Amino acid sequence: KKFNIDFELFASSINFYYKNYCSLFYDLEKYFNSKGSFDSVNIKKGFYIANPPFDNLIMINMAKQFIQSLKNTNEPLSILITIPQWDKPGYGGFECLELLERSNFITFKKIIPKNKALFFDYYKNKYLYPVEIYTIILQNKQGIKEHIIDNDFKNNIIYYFNLNKSNNNNKNKEGGSLELIKNEN
């Protein structure tokens, strides 16, 4: 509510939270307020949410588009992303994360442990804890001034992932490691 977020960039008519969203099947979902596919939306101003499918090519494309959007606008722009933590030893490289880190637009990065990263699987009709995830915020200079990522915001992220989302065997109250990165853009 604080940043007037009302647009998610990867959703569908059966799994959206915000009034405005991008979806794969615009021809059918435009009647349910879809704004088209992620690739067709021009991101210039505002605060967006992106929880892409955990597919390497989609996430690489997403990272490249976000970086271009952040470079090409003089308007305040911020994007909150959730992506899997696939940069662990043994996983190999994770090009999406590498692109984002090299861009210098990351102002906030938090690892959410697997037991806190709850997703709903629509095919299996159940909740799952598939993988540890990163919650990342990208911002241009104007976005940093307009959408201040303060302690309240960080605490809300921790609260969101702790809220009824831990299995009963894990008593980790920290909710993951927290890293605040100073933007040098």
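Data block above holds the structure.
What you see is a predicted model; the values in this text were computed from it and never measured. Here the residue numbers are simple positions, counted from 1 along each chain's written sequence. Side-chain atom pairs in this predicted model are given and counted only at pLDDT of 80 or more, local residue features only at pLDDT of at least 70, and totals for whole chains, interfaces and linings cover all residues. Computation of side-chain values: all heavy atoms of the structure, hydrogens and water removed.

1. A closer look at the nonpolar core
- Among the buried residues, those of types Ala, Val, Leu, Ile, Met, Phe, Trp, Tyr and Cys that are joined through side-chain atoms within 4.5 Å form a nonpolar core. Exposure categories follow from relative accessible area, calculated using a 1.4 Å probe and restricted to protein chains: below 20% of the type maximum is buried, above 50% is exposed, and the middle band is partly exposed. Formed by 30 residues in total, the largest nonpolar core has its most connected members in L9, M62, F66, I81, I83, L100 and L138.
- To qualify as a helix, a DSSP run of H or I must reach at least 4 residues; to qualify as a strand, a run of E must reach at least 2; elements of each kind are numbered from the N terminus. Contributions of two or more residues to this core are made by β3 (46-50), α2 (56-72), β4 (77-84), α3 (95-103) and β8 (133-139).
- With seven residues, the single largest contributor to this core is α2.
- Contacts between residues were defined by any pair of non-hydrogen atoms, one from each residue, lying within 4.5 Å. Not counting residues within four places of it along the chain, the set of residues in contact with L138 comprises F66, L70, L77, S78, I79, I81, L100, F105 and I106.

2. Focus on the packing of α2 against α3
- Only the stretch in contact is used when a helix axis is fitted, and all axes are lines through C-alpha atoms; the angle between N-to-C directions ranges over 0 to 180 degrees. One can describe the packing of α2 onto α3 by two numbers: an axis separation of 8 Å at closest approach and a directional angle of 15°. Accordingly, the angle class assigned to the pair α2 and α3 is roughly parallel. Both α2 and α3 take part in a crossing whose hand is left-handed. Between α2 and α3, the residues in contact are M59, I60, M62, A63, K64 and I67 and E95, C96, L99, L100 and S103, respectively. Angular relationships are summarised with four words: roughly parallel below 35 degrees, roughly antiparallel beyond 145, roughly perpendicular across 65 to 115, and oblique for the angles in between. In this scheme the crossing of two helices becomes right-handed for a clockwise turn of the near helix relative to the far one and left-handed for an anticlockwise turn of less than a right angle.

3. Some points on the side chain of N20
- With respect to the helices, strands and loops of the structure, N20 is situated in strand β2 (residues 20-21).
- A polar contact is formed between the side chain of N20 and the side chain of K35, at a distance of 3.3 Å.
- Excluding anything up to four places from it in sequence, N20 contacts D6, F7, E8, N33 and K35. Polar contact is defined as a pair of N or O atoms within 3.5 Å, subject to the rule that within protein one atom must be able to donate a hydrogen and the other to accept it, and that residues adjacent in sequence are counted only when both atoms are side-chain atoms.

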